[in-house]
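Chain residues, written in single-letter form:
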Amino acid sequence: MATTVDVNGRALNVNSPPDTPLLWVLRDELGLTGTKYGCGVAQCGACTVLADGQPIRSCQVPISALGAAKITTIEGLGGNHPLQQAWVKLDVPQCGYCQSGQIMSACALLAANPKPDDAAITGAMDGNICRCGAYQRIRAAIKEAAAAPAAPAVSAEPAAAPAPSPAA
Amino acid sequence: MNKPFKDIVSAASRREVLVVGSALAGTSLLVGCSLPDALSAGSKVEVGAFGPFLKFSPDGTVTVISKHIEFGQGNHAGLAAIAAEELDADWTKVKVEQAAANAKLYGNVNMGGTQGTGGSSAIANSWTQLRTAGAAARAMFVSAAAAKWGVSAGEITVTNGVIAHPSGKQSGFGELVADAAKVAPPEAPKLKDPKTFTLVGTNRVRRKDSAAKSNGTARYTQDVRLPDMLVAMVAHAPKFGAKVKSFDATEAKKTAGVTAVYEIPTGVAVVANSTWAAKQGRDALKVEWDESKAETRSSAQILAEFKDLASGKTPAPDDKKKGWKGFDSKGDAAKAAGGTAAIDVTYDFPYLAHAAMEPMNCVAMVGKGPTKLIFGSQTPTLDQINTAGIVMALPGSIQIETLFAGGSFGRRANFQSDYVTECVHIAKKVGKGRPVKLVWTREDDMRAGYYRPLVHHAVRVTTDAQGFPATWKHRIVTQSIMKGAPPGSPGGGGIDFTAVEGAMGSPYLKATPIVDAQLITPDAGVPVLWWRSVGATHTAYVMEHTIDQLAKKAGKDPVEYRRALYQKAGAGRHLTVLNLAAEKAGWTTPAADGWTRGVAVHESFGSVVAQVAEVKVENGTPRVGRVVTAIDCGTAISPDQIAAQMEGGTCYGLSAALFGSITLTGGVVDQQNFDTYRVLRNSEAPTVETYIVPSTAPPSGVGEPGTPVIGPAVANALLAITGRPTLSQPFVKT
């Protein structure tokens with residue numbers, strides 16, 4: 001039974017059972033592997049994507065519950081998003097595994113609060129675990145992105161929509 | 001090669017365990033033998049004209065081949081920079097490629113020539129190797145240019161990737177690749193005078209993987225997708241040492257997408273065409289376990305038994321192997337037990353999970369052509385040996401494609417290659433070379449063992465008239481990580497170095513006239529392993545927190561007290577980092593309102609780190625603000641990545657000190673996921689400032705030495721705040 005999901009600006013038919021969490025549909029069926037599995041119980045934030053601009057833990061949301069929600073994944077940010085530029089400028093990633101989720105949480109934060117203070121940043125980012133401990137660079141990169149001239153481009157809308165690669 | 005290959009495999013296995021184990025533990029035991037030759041037999045890795053570490057493309061790209069996995073510590077950038085420096089390459093045109101598995105080409109100099117990443121040795125063991133490779137290739141390009149231009153090689157310069165002659169002739173590496181490849185490499189290329197370095201030691205050495213790790217394209221094992229690939233999950237026993245008694249796969253097999261169910265040595269594997277289907281199938285399995293040989297004790301009981309051994313309530317086995325073993329002891333032990341103790345305390349440390357963000361996983365293809373593994377291999381040689389024993393092949397013939405790994409912190413290197421062999425067993429059942437990706441859930445990962453061991457220390461110190469240690473009695477009780485290593489090795493018949501490093505060799509023991517220090521390593525059925533900074537995770541805490549208690553007792557300032565002891569012990573590097581950290585932290589001036597400082601210093605993996613942490617207590621929980629760090633790690637390759645490792649290592653150590661604890665009840669691990677295994681989050685993470693001691697010594701470790709210092713620095717601040725020592729971890733009990 002096909003379900004339609006709107007991912008990075010494209011309406012896509014997927015064949016996974018409707019109770020399948022969005023995370024596994026993105027990764028296994030659509031090949032959008034930038035969104036990571038870390039805990040499966042909404043504790044670590046590695047699977048964070050945006051649904052209509054709001055951060056959700058995709059490991060917890062079955063595709064049947066998505067309705068018409070527009071999903072944005074890390075691939076949907078296009079690579080030159082101010083946050084991504086700041087992440088590279090400050091060499092935020094270490095192992096890098098959690099960073100897609102970190103960036104998506106930061107993206108939702110900046111969309112709602114373009115000039116967040118320290119408390120707003122840690123408040124928005126506490127759901128995203130980084131075992132490498134890149135936390136202080138994450139905080140600094142969010143401030144860097146918030147200060148960037150291109151800050152208005154911070155948006156929940158996909159900057160580009162790369163074609164998902166169907167399961168091989 | 002006259003011996004049957006199985007003999008070679010097993011002989012290699014024993015020595016492999018010895019050398020890899022000791023090297024991972026931070027020692028550098030070199031075994032001069034043909035081990036890498038034996039282990040690389042069957043391997044087919046092509047080496048180009050510029051050797052195993054460098055490739056040049058006509059478009060000017062310089063590729064540095066890394067024999068080490070990149071799982072966060074920035075070694076890919078550091079390794080590339082070392083070669084690029086000697087080449088005088090244009091750093092923007094340098095890229096990094098992961099080496100294949102081949103012990104002969106890519107052995108770790110600090111691991112007896114077997115291939116592996118650990119013991120914070122990636123940069124240290126590659127330093128001379130990659131400088132030499134870079135210098136040799138540079139000489140080949142210069143010779144080629146001289147011949148082509150009909151000029152003297154001595155007149156040619158190479159600057160930022162441009163090969164030039166005063167006549168005006170110039171070229172990039174790209175245009176000269178074909179000519180340079182024909183030049184015989186110099187046997188002893190001249191290395192640069194470090195004073196002339198233009199890249200190494202500058203903040204131009206930046207990570208090469210930040211973009212890929214910020215846009216979702218960095219490829220991890222979890223992301224591998226191959227034609228016809230199956231996904232496997234395994235039902236594991238709830239207790240360590242239990243085996244499958246029987247299982248009912250009826251419901252599992254009915255699950256849509258499940259293709260097969262197999263019994264394997266570690267449990268029951270469900271194989272499916274998607275991750276979610278594999279999980280649904282695995283959850284539908286009914287398994288009965290044979291627990292006759294399982295560990296059934298609780299962690300509290302194991303700790304109680306450790307305490308009784310330390311106190312002497314339980315006599316130690318009168319056995320050279322199983323009894324007490326001394327280290328750093330000197331003088332009359334009876335005196336260390338007598339007199340009036342200034343400090344007489346015990347410390348407890350729980351089991352810890354590594355909890356890397358990417359749960360353990362592996363892709364294997366078995367049964368058609370050479371066995372191939374795709375995953376984040378920390379110790380390719382060990383993984384080859386352990387796989388070879390299952391698929392009956394030469395270790396060298398096992399191909400490994402190493403990907404980025406979502407952290408390891410030691411977990412991916414173990415003598416059993418536990419999750420790797422699990423995947424290989426399943427792929428062997430599937431056969432036909434069909435790719436199988438083994439996925440562990442967070443719960444599988446957290447409950448699989450290979451923890452930092454549970455540790456108990458008992459410390460009794462008497463002091464002289466000035467309040468400095470006169471006698472030091474020290475007992476350590478913990479499981480041995482190195483158990484099973486052959487006699488005569490540092491981890492075998494002798495003392496397990498990984499259990500005592502950091503106490504053993506401590507400048508405080510050097511400065512104490514009488515020392516009676518001993519270790520005992522009772523068995524338990526809980527698998528244990530190195531965990532970022534290994535022995536230092538507990539020894540640094542015990543030594544540094546004890547010192548602050550002694551300083552307090554003596555009425556001396558903790559920094560002054562340490563200075564005196566370092567002078568006594570001749571610990572110059574300790575003194576330097578201590579002074580640097582104290583100066584930058586403003587130790588002699590008051591901390592900001594509400595904050596209290598604590599200091600700690602520790603040497604591990606060849607580097608010495610001092611930290612001054614500013615701490616306050618909020619709602620009963622310590623909060624750590626500013627952390628000033630000073631490190632002496634020899635020659636600094638990438639100051640920014642050294643800082644990153646101090647930041648990250650500090651968070652990793654602080655997470656454990658504040659919250660980390662794996663406990664067992666009746667042999668069953670109580671924690672399953674991050675809801676019960678609390679880890680440090682962003683709002684709890686300090687801001688770390690890093691200062692690097694200028695040095696011309698060869699580079700030493702950076703990945704681990706930042707981890708063990710923060711715990712005692714915070715405990716020492718708490719001692720100053722509350723007047724009470726903190727004698728067990730984690731600080732925050734749940």
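Residues numbered from 1 in each chain as written. Chains lettered and ligands numbered in written order. Predicted model: local features only at pLDDT ≥ 70, side-chain atom pairs only at ≥ 80, totals over all residues.

**Q** Can you explain the overall build of chain A? Please cite residues and give values.
**A** Along chain A, the regular secondary structure elements total five helices and five strands. Ordered by position in the sequence, the α and β elements of chain A form the string β-β-α-β-β-β-α-α-α-α. A buried classification covers 60% of the 168 residues belonging to chain A. Here the contacts in chain A between residues at least 6 apart in sequence split such that 66% fall between residues at least 24 apart. (Helix = DSSP H or I, 4+ residues; strand = E, 2+ residues; numbered from the N terminus. Buried ≥ 20, exposed ≤ 12 C-beta atoms within 10 Å, placed from the backbone. Contact = placed C-beta atoms within 7 Å.)

**Q** Explain helix H19 (residues 639-658) of chain B residue by residue, including any values.
**A** Residues separated by three or four positions in an α-helix point in the same direction, a consequence of the helix having 3.6 residues per turn. For H19(B), spanning 20 residues, the distance from its first C-alpha to its last is 28 Å, which sits close to the expected 28 Å at 1.5 Å a residue. Counting buried residues along H19(B), 18 of its 20 residues qualify, which places the element largely inside the surrounding structure. (Expected span 1.5 Å × (residues − 1).)

**Q** I'd like a description of the confidence of the model for chain B, backed by residues and values.
**A** Residue and element names in this part refer to chain B. Counting all residues, the mean pLDDT for chain B is 93, and 94% of those residues have values of 70 or more. Throughout residues 1-33 the model reports pLDDT below 50, and contacts reaching past four residues in sequence, or to other chains, amount to 82 contacts. Per-residue pLDDT stays below 50 along residues 486-492; that stretch engages in 24 contacts with residues further than four places along the chain or on separate chains. Across the assembled chains, the prediction reports ipTM 0.94 with pTM 0.94. (pLDDT = per-residue confidence, 0-100.)

**Q** Break down the sheet that holds strand S15 (residues 372-375) of chain B for me, citing the residues and quoting the values.
**A** All names here are of chain B. If you trace the seven strands from one edge of the open sheet to the other, you get S9-S10-S7-S17-S14-S15-S16, paired in mixed fashion. Looking at which strands have only one partner, the edges of the open sheet turn out to be strand S9 (258-264) and strand S16 (399-402). Between one strand axis and the next, the sheet turns by 25 degrees as a mean value, whatever way the strands run. Across four bridges, the pairing between strand S14 (residues 361-365) and strand S17 (residues 436-439) is antiparallel. Within S17, the position partnered with Val-363 by the bridge is Lys-437. (Pairing = 2+ DSSP bridges. Axes fitted to C-alpha atoms, helices over the stretch in contact; angles between N-to-C directions.)

**Q** Explain the interface of chain B and chain A residue by residue, including any values.
**A** Listed as interface residues are 51 residues of chain B and, on the opposing side, 48 residues of chain A. Elements represented by at least two residues in the side of chain B that touches chain A include exactly helix H8 (275-283), H19 and strand S26 (687-692) of chain B. Top element by residues in the side of chain B that touches chain A is H19(B). It accounts for seven residues. Counted by class, the side of chain B that touches chain A contains 21 nonpolar, 18 polar and 12 charged residues. (Nonpolar A, V, L, I, M, F, W, Y, C, P; charged D, E, K, R; others polar.)

**Q** Any details on the domain arrangement of chain B? Residues and values, ideally.
**A** Its domain assignment divides chain B into domain 1 (3-209), domain 2 (221-293 + 360-439) and domain 3 (302-351 + 450-722). Domain 1 of chain B and domain 3 of chain B are separated by 35 Å when their C-alpha centres are compared. (Domains from an automatic or database assignment.)

**Q** Quick one: what's the story with the environment of B:Ala610, residue by residue and with numbers?
**A** All names here are of chain B. With respect to the helices and strands, Ala-610 occurs in strand S22 (residues 607-618). Judged by the 31 C-beta atoms lying within 10 Å of it, Ala-610 is buried. Residues Ala-610 and Ala-581, spaced 29 residues apart in sequence, show a C-alpha to C-alpha distance of 6.1 Å. In contact with Ala-610, other than residues within four places in its own chain, are Val-577, Leu-578, Leu-580, Ala-581, Val-601 and Ala-630.

**Q** Account for the environment of B:Leu352, with residues named and values stated.
**A** All names here are of chain B. Within the fold, Leu-352 resides in the loop between strand S13 (343-349) and S14. It is 29 Å that separates the C-alpha atoms of Leu-352 and Tyr-691, two residues lying 339 residues apart in sequence. Not counting residues up to four positions away in its chain, the partners in contact with Leu-352 are Tyr-451, Arg-452, Trp-531, Ala-656, Gly-660 and Ile-662.

**Q** Now, about unusual backbone geometry: what can you tell me, with residues and values included?
**A** With glycine set apart, most residues show a phi of negative sign, and most peptide bonds adopt trans. Residue and element names in this part refer to chain B. Residue Gln-729 is joined to Pro-730 through a cis peptide bond whose omega torsion reads 0 degrees. Looking at the secondary structure, you find Pro-730 in the segment after helix H20 (710-722). The backbone of Ser-120 shows a phi angle near 50 degrees, a positive value even though the residue is not glycine. Checked against the element boundaries, Ser-120 lands in the loop between helix H4 (103-106) and helix H5 (122-149). One non-glycine residue, Phe-409, adopts positive backbone phi at about 60 degrees. Within the secondary structure, Phe-409 sits in the loop between S16 and helix H12 (418-430). On the neighbour-count criterion, Phe-409 (27 C-beta atoms within 10 Å) is buried.

**Q** Summarise the packing of helix H17 (residues 558-569) of chain B against helix H18 (residues 572-585) of chain B; cite the residues concerned and give the values.
**A** Residues and elements named next belong to chain B. Following both chains from N to C, one finds H17 and H18 inclined at 160 degrees, their axes separated by 9 Å at the closest point. Taken as axis vectors, H17 and H18 run roughly antiparallel relative to one another. In this structure, the crossing between H17 and H18 has a hand that is left-handed. Where H17 abuts H18, its residues Val-559, Arg-562, Arg-563, Tyr-566 and Gln-567 lie against His-574, Leu-575, Leu-578 and Ala-582. Classifying every residue of the contact of H17 with H18 by side-chain character gives five nonpolar, two polar and two charged. (Parallel < 35°, antiparallel > 145°, perpendicular 65-115°, else oblique. Left-handed = near helix turned anticlockwise from the far one by under 90°.)

**Q** I'd like a rundown of the packing of helix H2 (residues 82-89) of chain A against helix H5 (residues 135-147) of chain A, residues and numbers included.
**A** Residue and element names in this part refer to chain A. Where H2 meets H5, the closest approach of the two axes is 8 Å, and the angle between their N-to-C directions is 130 degrees. Comparing their axes, H5 and H2 come out oblique. Note that H2 runs across H5; the crossing there is right-handed. Of the residues in H5, those touching H2 at Pro-82, Leu-83, Ala-86, Trp-87 and Lys-89 are Ala-141, Glu-144 and Ala-145. In terms of residue class, the contact of H2 with H5 is made up of six nonpolar, no polar and two charged.

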